[in-house]
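# Analysis of the macromolecular model
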Amino acid sequence: MVDKLDAATRAALPQLLPEWRLVEGRDAIARSFRFPDFSAAWGFMSRVALLAEAQDHHPEWSNVWNRVEILLTTHDAGGLSMRDIRLAQAIDRLLA
Ligand code: HBI
């Protein structure tokens with residue numbers, strides 16, 4: 001079992017992950033991405049897939065042509081955990 005985020009970390013989410021939003025009705029964070037075309041979007045998804053596999057933590061996500069939507073939550077915790085923050089920060093670093 002994985003621990004859910006503590007209150008202090010939860011309160012710091014806007015600073016820790018300014019590009020991510022809290023999802024209505026779920027204990028999850030999400031971010032939308034837009035790329036020049038499908039190839040760029042798919043290339044990004046490939047890199048995220050490798051990160052996710054390395055962290056054994058997998059996004060709920062979708063792709064429509066140049067857009068990618070990523071939602072992170074920890075099923076093993078029943079909500080947000082440090083595993084989500086870790087993957088979100090690694091995803092952000094891909095684009096930095
Ligand atoms: N991915 N997002 C997410 N949440 C999980 O709880 C999770 C996961 N990937 C693998 C995983 N848990 C494993 O620990 C097992 O539950 C399969």
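Below: a short report on this structure.

### Description of the site of the ligand
Near the ligand the following residues occur: Asp56, His57, His58, Thr73, Thr74, His75, Asp76 and Arg83. Take Asp76: an N or O atom from its main chain is 2.8 Å from an oxygen atom of the ligand. Look at the ligand: alone it shows 390 Å² of surface, and the protein chains cover 69% of it. The class makeup of the residues in the shell around the ligand is no nonpolar, five polar and three charged.

### Some remarks on the packing of helix α3 (residues 38–55) against helix α4 (residues 82–95)
Between α3 and α4, the shortest axis-to-axis distance is 10 Å and the interhelical angle comes to 145 degrees. When you trace α3 past α4, the crossing you get is right-handed. For the pair α3 and α4, the contacting residues are Phe44, Arg47, Val48, Leu51, Ala52 and Gln55 in the first and Arg83, Arg86, Leu87, Ala90, Ile91, Leu94 and Leu95 in the second. A per-class count over the contact of α3 with α4 returns nine nonpolar, one polar and three charged.

### Looking at the sheet that holds strand β2 (residues 29–34)
With antiparallel pairing, four strands are arranged side by side in an open sheet as β1-β2-β4-β3. Strands with a single pairing partner mark the edges of an open sheet, and in this sheet they are β1 (21–22) and β3 (60–64). Judged from the two bridges that link them, β1 and β2 form a sheet pairing that is antiparallel. Paired with Leu22 across the strands is Ile29, a residue of β2. Taken strand by strand, α3 contacts β2, β3 and β4 (67–72), and its axis lies near 165 degrees from that of β3. Docked against the sheet, α4 engages β2 and β4, running at close to 15 degrees with respect to β2.

### Overview of α4
Helix length check: α4, at 14 residues, gives a terminal C-alpha distance of 21 Å against a target of 20 Å (1.5 Å per residue), a fit within 8%. Where α4 is concerned, the buried positions are Arg83, Asp84, Ile85, Leu87, Ala88, Ala90, Ile91 and Asp92. Where α4 is buried, its residues contact α1 (7–11), α2 (13–16), β2, α3 and β4.

Basis of the calculations
Residues numbered from 1 in each chain as written. Predicted model: local features only at pLDDT ≥ 70, side-chain atom pairs only at ≥ 80, totals over all residues. Heavy atoms only, no water. Near = heavy atom within 4 Å. Polar contact = N/O pair within 3.5 Å; in protein donor to acceptor, adjacent residues only side chain to side chain. Areas by Shrake-Rupley, 256 points an atom, 1.4 Å probe, with all protein chains shown as cover. Nonpolar A, V, L, I, M, F, W, Y, C, P; charged D, E, K, R; others polar. Axes fitted to C-alpha atoms, helices over the stretch in contact; angles between N-to-C directions. Helix = DSSP H or I, 4+ residues; strand = E, 2+ residues; numbered from the N terminus. Left-handed = near helix turned anticlockwise from the far one by under 90°. Contact = heavy atoms within 4.5 Å. Pairing = 2+ DSSP bridges. Expected span 1.5 Å × (residues − 1). Buried < 20%, exposed > 50% of the residue type's maximum accessible area, 1.4 Å probe, protein only.

The analysis is restricted to geometry; functional conclusions fall outside its scope.
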